[in-house]
Amino acid sequence: MRIARFSIDGNVAFGAVEGDKPDELVLDIIKGIPFADFELSGTKVPLSKVRLLPPVLPNKVVAFGRNYAEHAKELGNEVPDVPFAFFKPSTSVIGPGDEIQYPSFSSELHHEAELAVVIGRMCREVPRERVKDVILGYTCANDVTARDVQKREKQWARAKGFDNSCPLGPWVETDLDLAAIAEGITIQCTVNGAQRQLGRTSEMIHSVEDLIVNITEAMTLLPGDVILTGTPAGVGPLNVGDEVAVTIEGIGTLTNKVIKRG
């Protein structure tokens, strides 16, 4: 099931996305929220008539860096022996079609296409065999990074956590499973239609299971929290006016435009 969060006529709701052709997609409005038992209402609205929002509003976004060897190599970094985590605040999250505002304190903005894991239930100290039970589904993410600031400062709070730096969407896909991710699904990033990144999740150094086991040893994850699993090689610059799209096999495409910060 593809679960979207959307607004229509000033109201916000969740809906199940139905259909295959982009111009014929409809939303069956969900009774309740996707983090508990819910029903489909049978009330359907065309996707073209709503505004898609970030599919979840996470309490926290836990991101893992240098989880693809070629990406670590392209930036001159060593591959970490254990998962390497950092945070992006909830204020960094935007949805599909929302604008990425180029931060005034940076002159080197980069895209980073990533598979995002959406947590479905409160969890702590999750054993490997239970990881699948705490996952609601998966979505596309762009870990937008002020690369010059990241290089200059010893910690990444400003470089990775500025407003609009975490586009998520277009929806949460619940039918994707851990086996398919381990076997390898394609992650692609284009800028103005030109391919920049192309990788597969099978290239991840630490698996989804590794990442969730690692972070829940330290902290509780809440429903709607998001795990960013790292980016493949090919990261590069974004400029004002660029349209950046992240496409993940089996999920969909997340598109955002870069604008000058007002």
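Per-chain numbering applies: the sequence of each chain, read as written, is numbered from 1 onward. Local features in this predicted model are restricted to residues of pLDDT 70 or higher, and side-chain atom pairs are both shown and tallied only at a pLDDT of 80 or more, whereas totals for entire chains, interfaces and linings draw on every residue. Side-chain calculation: all heavy atoms of the structure are included, whereas hydrogens and water are not.

1. Description of the overall build of the protein chain
Secondary structure is summarised from DSSP: a helix means a run of H or I of at least four residues, a strand means a run of E of at least two, and numbering begins at the N terminus for each. When helices and strands are tallied, the protein chain shows five helices and 20 strands. Note that the radius of gyration is over C-alpha atoms, with the globule rule given as 2.2 Å times the number of residues to the power 0.38. For 262 residues, the compact-globule estimate of 2.2 N^0.38 gives 18 Å, and the protein chain sits close to it at 17 Å. A simple rule labels every residue: compare its accessible area, found with a 1.4 Å probe on the protein chains alone, to the largest value its type can have, and call it buried under 20%, exposed over 50%, or partly exposed in between. Across the 262 residues of the protein chain, 53% fall into the buried class. Here, residues are in contact when the closest pair of their heavy atoms is within 4.5 Å. Contacts in the protein chain between residues at least 24 apart in sequence constitute 69% of all its contacts with a sequence separation of at least 6. When the accessible area of the protein chain is evaluated, it comes to approximately 11,800 Å², of which 49% is carbon and sulfur surface. Each charge sign in the protein chain was given a centre, from 27 positive and 36 negative side chains, and these centres are 6 Å apart. We get accessible surface area from the Shrake-Rupley algorithm with a probe of 1.4 Å; when it comes to residues, only the shown protein chains can shield them. Under this rule, positive means Lys or Arg and negative means Asp or Glu; His and the chain ends count for nothing. Throughout, a charge is located at the NZ atom of Lys, the CZ atom of Arg, the CG atom of Asp or the CD atom of Glu.

2. Some words on the nonpolar core
Looking at soluble globular proteins, one finds that nonpolar side chains tend to be buried together. In terms of nonpolar packing, the biggest core is built from 45 residues, with Ile135, Tyr138 and Ile212 touching the most fellow members. In terms of residues, this core owes the most to one element, helix 5 (residues 208–216), which gives five residues. Aside from chain neighbours lying at most four places away, what touches Tyr138 is Leu115, Ala116, Val117, Trp171, Val172, Glu173, Leu176, Leu178, Ile181 and Ile251. For our purposes a nonpolar core is just a set of buried Ala, Val, Leu, Ile, Met, Phe, Trp, Tyr and Cys residues, chained together by side-chain atoms within 4.5 Å. In this structure, Val56, Ala63, Ala141 and Val226 belong to the second largest nonpolar core, which totals 15 residues.

3. Digging into the state of the cysteines
Put simply, a disulfide is two cysteine sulfurs that come within 2.5 Å. Inspection of every chain in the model, using the stated rule, returns zero disulfides. Left without a disulfide partner, Cys123 is nearest to the cysteine sulfur of Cys166, which lies 18 Å away. Classification of Cys123 by relative accessible area gives buried; the value is 6%. Sulfur of Cys189: no disulfide; nearest cysteine sulfur belongs to Cys140 and is 11 Å away. Overall, Cys189 belongs to the buried group, its relative accessible area being 0%.

4. So, the sheet that holds strand 13 (residues 145–146)
At least two bridges found by DSSP between two strands is the condition for calling them paired. Read from one edge of the open sheet, three strands run 13-10-18, paired in antiparallel fashion. With partners counted over all chains shown, the strands left at the sheet margins are strand 13 and strand 18 (236–238), one partner each.

5. Thoughts on helix 5
Most of helix 5 is tucked away: seven of the nine residues are buried. For helix 5, every residue scored as buried is listed here: Val208, Glu209, Leu211, Ile212, Val213, Ile215 and Thr216. Residues of helix 5 that are buried sit in contact with strand 6 (61–65), strand 7 (84–88), strand 11 (113–119), strand 12 (135–142), helix 4 (178–183) and strand 17 (226–228).

6. A look at the sheet that holds strand 19 (residues 243–248)
The strands making up a sheet associate through hydrogen bonds between their backbones, and the pairing can be parallel or antiparallel. Reading across from one edge, 9-20-19-15-16 is the order of the five strands in this open sheet, with mixed pairing throughout. The sheet is open, and its two edges are formed by strand 9 (99–102) and strand 16 (194–200), each paired on a single side. Across the sheet, the mean angle separating the axes of adjacent strands is 20° when strand polarity is ignored. Pairing geometry for strand 15 (residues 186–191) and strand 19, over five bridges, is antiparallel. An axis is simply a line fitted to the C-alpha atoms; with a helix, the fit covers only the stretch in contact. Between two such axes, the angle follows the N-to-C directions and lies from 0 to 180 degrees.

7. A word on the packing of aromatic side chains
By convention here, two paired aromatic rings are described through the distance between centres and the angle between planes. Two rings belonging to Phe, Tyr or Trp (six-membered ring only in the last case) form a pair when the distance between their centres is within 6.5 Å. Interplanar angles under 30 degrees mark stacking, angles over 60 mark edge-to-face geometry, and anything in between is tilted. In the structure shown here, the tally under the stated rule is three aromatic pairs. Taking the centre distance of 5.1 Å and the plane angle of 65° together, the rings of Phe86 and Trp156 count as edge-to-face. With Phe86 in strand 7 and Trp156 in the loop between helix 2 (147–152) and helix 3 (157–161), the pair connects residues that are 70 residues apart, well separated along the chain. Among the residues examined, Phe86 registers a relative accessible area of 9% and is labelled buried. Site record: aromatic cluster; members linked through ring pairs are Phe84, Phe86 and Trp156. Residue placement shows Arg66 over the ring face of Phe84; its charged tip is 5.3 Å from the ring centre. Consider the ring centre and the ring normal. A charge sits over the ring if Lys NZ or Arg CZ is within 6 Å of that centre and within 35 degrees of that normal.

8. Regarding the environment of Phe14
Tracing the backbone shows Phe14 in strand 2 (residues 11–18). What makes Phe14 buried here is its relative accessible area of 13%. Considered as a pair, Phe14 and Ser106 are 92 residues apart in the sequence and their alpha carbons are 36 Å apart. For Phe14, the contacting residues outside a window of four places in its chain are Ile3, Ala4, Arg5, Phe6, Asp28, Ile29, Ile30, Gly32, Ile33, Pro34 and Pro55.

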